[in-house]
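Observations on the three-dimensional arrangement
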Amino acid sequence: MKANDQERDKFDKALDTIINLFNDLEDDEPIVEFDEDVTLKIEIAKKIYGSNVINERMNNVVKEILMLLPLDAEIDEEGDS
C-alpha cells in the first residue's frame, strides 16, 4: 500500500502519540540519586575515558560498598529496609 505525504504525516503523528503514551506508562526513577556535582563529574569522566570504562568502574565501586552492608536481612513488603 502506497501512502501520500498527508497520510505519512498522519501516521507519524499517530506513532509519536503511541510512543509518548507508552513512555508515560511507568515513571522512570533512578536507582541512585547522585548530587548535581557528582553527575557532572561522571559525565566529564565518560567523555574522557569512555562510558564503558566509567560504567565498569562505578559498578565495581558500588559492588564493594554493597558487600559491606548486611543485605541478608529481610526486606519489608514495600521494598524498604
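Residues numbered from 1 in each chain as written. Predicted model: local features only at pLDDT ≥ 70, side-chain atom pairs only at ≥ 80, totals over all residues. Heavy atoms only, no water.

1. Let's talk about the overall build of the chain
- The helix and strand tally for the chain stands at three helices and zero strands.
- Split by element, the accessible area of the chain, about 8500 Å² in all, is 54% carbon and sulfur. (Helix = DSSP H or I, 4+ residues; strand = E, 2+ residues; numbered from the N terminus. Areas by Shrake-Rupley, 256 points an atom, 1.4 Å probe, with all protein chains shown as cover.)

2. Concerning the layout of surface pockets
- A volume near 160 Å³ is recorded for the largest pocket.
- The wall of the largest pocket is formed by Phe34, Thr39, Ile42, Glu43, Lys46, Asn55 and Met58.
- Per-element accounting of the lining of the largest pocket gives the leading share, four residues, to helix α2 (residues 36-49).
- Considering only residue class, the lining of the largest pocket consists of three nonpolar, two polar and two charged. (1 Å grid on protein atoms, 1.4 Å probe; cavity = no way out; pocket = protein on both sides within 12 Å on 5 of 7 lines; lining within 4 Å. Points joined across faces, edges and corners; volume = space filled by probe spheres on them. Nonpolar A, V, L, I, M, F, W, Y, C, P; charged D, E, K, R; others polar.)

3. Observations regarding helix α1 (residues 5-23)
- Between its first and last C-alpha, α1 extends 27 Å over 19 residues, near the 27 Å set by a 1.5 Å rise per residue.
- Among the residues of α1, the N-terminal cap falls to Asn4, whose side-chain oxygen and the backbone nitrogen of Gln6 are separated by 3.1 Å. (Expected span 1.5 Å × (residues − 1). Polar contact = N/O pair within 3.5 Å; in protein donor to acceptor, adjacent residues only side chain to side chain.)

4. Description of the packing of α2 against helix α3 (residues 51-67)
- Running from N to C, α2 and α3 cross one another at 130 degrees; their axes reach a closest spacing of 7 Å. One finds that α2 runs oblique with respect to α3. Between α2 and α3, the contacting residues are Ile42, Ala45, Lys46 and Tyr49 on the first element and Ser51, Val53, Ile54, Asn55 and Met58 on the second.
- Within the contact of α2 with α3, the residues separate by chemical class into six nonpolar, two polar and one charged. (Axes fitted to C-alpha atoms, helices over the stretch in contact; angles between N-to-C directions. Parallel < 35°, antiparallel > 145°, perpendicular 65-115°, else oblique. Contact = heavy atoms within 4.5 Å.)

5. Focus on the confidence of the model for the chain
- Overall, the prediction assigns the chain a mean pLDDT of 86, with 89% of residues at 70 or greater.
- Taken element by element, the predicted model of the chain shows its lowest mean pLDDT in α1 (87) and its highest in α2 (96). (pLDDT = per-residue confidence, 0-100.)

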